[in-house]
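If you want the building blocks of each chain, they are given just below.
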Amino acid sequence: MPAAASPSPQQKSSSASPPAAPGSGLSATQRALRKLGLVRDIDFALYLPMRYEDETQIVKLADAHDGDVAQIEAVVRSCEVVYRPRRQLIATVDDGSDTCQLRFFNFYPSLHKQLAPGSRVRIRGELKGGFLGRQMLHPTIKAAGTDLPEALTPVYSTISGLAQPALRREVRAGLARSILDETIPLDAWQPQWSLRQSLHFLHYPTPDVAMATLEDRSHPAWQRVKAEELLAQQLSQQQARHERASQRAPALRPNVSPGSLSEQLLAVLPFALTGAQRRAVEEIGRDLGRELPMHRLLQGDVGSGKTVVAALAAALTIDAGHQCALMAPTEILAAQHFGKLVQWLDPLLAERGLRVAWLTGSQKKSEREVMTAAVESGEAALVIGTHAVISEKVRFARLALAIIDEQHRFGVAQRLALRGKAGGLNPEGKGALEPHLLMMSATPIPRTLAMSYYADLDVSTLDELPPGRTPVVTKLVADHRRDEVIDRIQAQLSQGRQVYWVCPLIEESEAVDLRNATATRDELADALGDAVGVGLLHSRMPTAEKQDVMAQFSAGRLDVLVSTTVIEVGVDVPNASLMVIEHAERFGLSQLHQLRGRVGRGAAASACVLLYAPGESGRVGEAARARLRAMAETADGFEIARRDLEIRGPGEFLGARQSGAPLLRFADLATDTRLLDWARELAPRMLQAHPELAQRHIDRWLGTRSEYLRA
Ligand code: ADP
Ligand code: MG
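This text gives an overview of the structure that appears in the document. (Residues numbered from 1 in each chain as written. Chains lettered and ligands numbered in written order. Predicted model: local features only at pLDDT ≥ 70, side-chain atom pairs only at ≥ 80, totals over all residues. Heavy atoms only, no water.)

With that settled, consider the sheet that holds strand E14 (residues 436–441). Pairing in this open sheet of seven strands is parallel, and the strands run E11-E12-E10-E13-E14-E9-E15 from one edge to the other. Pairing within the sheet leaves two strands with one partner each, and these edge strands are strand E11 (355–359) and strand E15 (458–462). If you compare each strand with its neighbour and ignore which way they point, the axes differ by 20 degrees on average. Bridging between strand E13 (residues 399–404) and E14 involves four bridges; their strand directions are parallel. Residue pairing across strands places Ile404 opposite Met439, the latter belonging to E14. (Pairing = 2+ DSSP bridges. Helix = DSSP H or I, 4+ residues; strand = E, 2+ residues; numbered from the N terminus. Axes fitted to C-alpha atoms, helices over the stretch in contact; angles between N-to-C directions.)

What follows is the structure, encoded as structure tokens:
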């Protein structure tokens, strides 16, 4: 069990002793459990199996069909390690009815001993038919002859360093220790299946329970768990909204005089706002004028022009005599914002004796001190940087607006750290004030989903791209046709254009046969010749070096930029007209769309090439194929989001976007609408009538998550 305190569910998380700092004195197992969010007993109890395995029977190979997951007992006939076409262990086994080949690409040396010819083993895996006879890829191997379990075996989602049997033991112990008293008021739930009963049923099926029953998510046990989870989510959202309703933000009086910063900014912009941008600025302006802290999401496709909306929001804030902070998840992205906003705003601010400040973790101490002093004095009307902007040491004179770009990449903790930042030094001395919050995202959440799920968020949408863009042509190309892609690159370069080449990994790994970015850079440099500048950008490079490479590419001194996904967000180099994404099948749909958005920013016709390579099975998986098809068929971010939702389902969809928000592990927003309605309706009544129960329910389900995110 984890060494950290395990408060009973009755305790509020606020009164529980905090888990030890990450990594301090924890065993590898404990660290792995912690990564999975498993700290308190109740966390284990609520960690339900992702599936079940039937280990109750031994079958004969001759009776099993291809595609079945089969458990057999057989004698090893041969076992050897071969190195071509790649390193693998191949064993042949015989169960008297038939033979079968076992193949392992990753294996511990001990496997070789376990599969010594002549030994008898229990093998479990998916049977595949094939040209070379039947085989199993990476089956599990156990000693033969041990007792068979009577019931289905739960399988928990795990990570490397934590073996399934160990995790099973931990879950069993945690469940046994959990006090599973009811937190849902009796009048709100017909208690056919209690929480305790439901969890025991799902963790430890009895021998009479069939696989189909357990997998049926409409079973009362699953319904109960999903209802619990949705209720926790709704309670915490509505609680947050209530809290916010009692908080105060500085109400910013609009300044529409011709000499105002926002008017001057509009005048210096090299373009007119789109209708959507104007609407968003108005919505934000209205919110800023209120005492209720704004909590608004500005969503718009890549290239829809969110930055200028952010700049105008900052200008409105500065016009009212306050400060604005703008944060981005990476230094490169923050630097891009900085470059643009300095260019637009700095001359105008200088006339007012104000300036833009730059704050990141990597900057020199002396420079940092100058910047924080300017923030503290109020001279820095706008502060741009990474999350260093909200570090404890930074004290704002009169912060009124915090803007978070790519908000899904920030955790709840970082958003919470903003809390109270507007207080302290506020000039009116009215007690702690909260800053208004504007979050920006290029991965839109379909509106219906946003409305039903996010009780605590207002949304502005940029549904219009600036005029004059030519759509990016997207092509799917099989990896063996790389040569043609090189030709394409050459064609672009000869027109003076620039090219991005994105690779999914930076290091050669035995497990995943990916070309690494370094090798790709060399390969491209070779193929394109000496006259072409090929740069490399990857996530492990020191920040200064990254910025240098980025600056060279922006200035056109590099023609081709090979990179890992560090360019995923925000990069703006209008002269780049070709984006090549290698192993596109490995990327998520919204990520592909983001990457594609790096081209087509100028007037020139642009293209995106998605290179894909079939996997071990010789095919690209079904979901990957659906993603690639969606990319080829549409360039509209909202349509992409809709397809993504369809491919992944809402739980994962939101999960991937809202790394900070509590994920739904069990409920499915698309199909569990009835339960969601039930939870949405119950939550406010419960907060009113049973506030302690409500708090206990939230802590039980979300307690550890928020502790983690704060850590
Ligand atoms: P994103 O929403 O992806 O952050 P940006 O703010 O980076 O988009 O804007 C993309 C590009 O479009 C930038 O070069 C920006 O200057 C330009 N842009 C923004 N708004 C307009 C507009 N109304 N008309 C023309 N160009 C615009
Ligand atoms: Mg942007």
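Let's shift gears to the pairing of strand E12 (residues 380–385). Within E12, six of the six residues are buried, which leaves the element mostly enclosed by the surrounding structure. The pairing of strand E10 (residues 323–327) with E12 spans four bridges and is classified as parallel. In the strand pairing of E12, Leu326 is matched with Ile384. Here five bridges tie E11 to E12, and the two strands are oriented parallel to one another. In the strand pairing of E12, Leu359 is matched with Gly385. Regarding the hand of the β-α-β motif, the stretch spanning E11, helix H12 (residues 365–377) and E12 is right-handed. (Buried < 20%, exposed > 50% of the residue type's maximum accessible area, 1.4 Å probe, protein only. Right-handed = clockwise from strand over helix to strand, strands pointing away.)

Under the defined criterion, the tally for this structure stands at 32 salt bridges. Asp463 serves as the salt-bridge partner of Arg279, at 3.4 Å between the closest nitrogen and oxygen. In this pair, Arg279 sits in helix H9 (residues 275–288) while Asp463 sits in the loop between E15 and strand E16 (473–478), placing the two residues 184 residues apart along the sequence. For Asp463, a relative accessible area of 53% translates into the label exposed. Between Glu523 and Arg482 there is a salt bridge whose closest N-O contact spans 2.9 Å. Here Glu523 is found in helix H16 (residues 517–528), whereas its partner Arg482 is found in helix H15 (residues 482–494), with 41 residues between them in sequence. On the basis of relative accessibility, which here comes to 7%, the residue Arg482 falls in the buried class. When salt bridges that share partners are traced, they join Glu283, Asp287, Arg290 and Arg296 into one network. (Salt bridge = Lys/Arg side-chain N within 4 Å of Asp/Glu carboxyl O.)

Here the focus is the pairing of strand E21 (residues 607–612). Counting buried residues along E21, five of its six residues qualify, which places the element largely inside the surrounding structure. Bridging between E16 and E21 involves six bridges; their strand directions are parallel. In the strand pairing of E21, Val477 is matched with Leu611. Sheet topology places strand E20 (residues 576–581) next to E21; four bridges connect them, and they run parallel.

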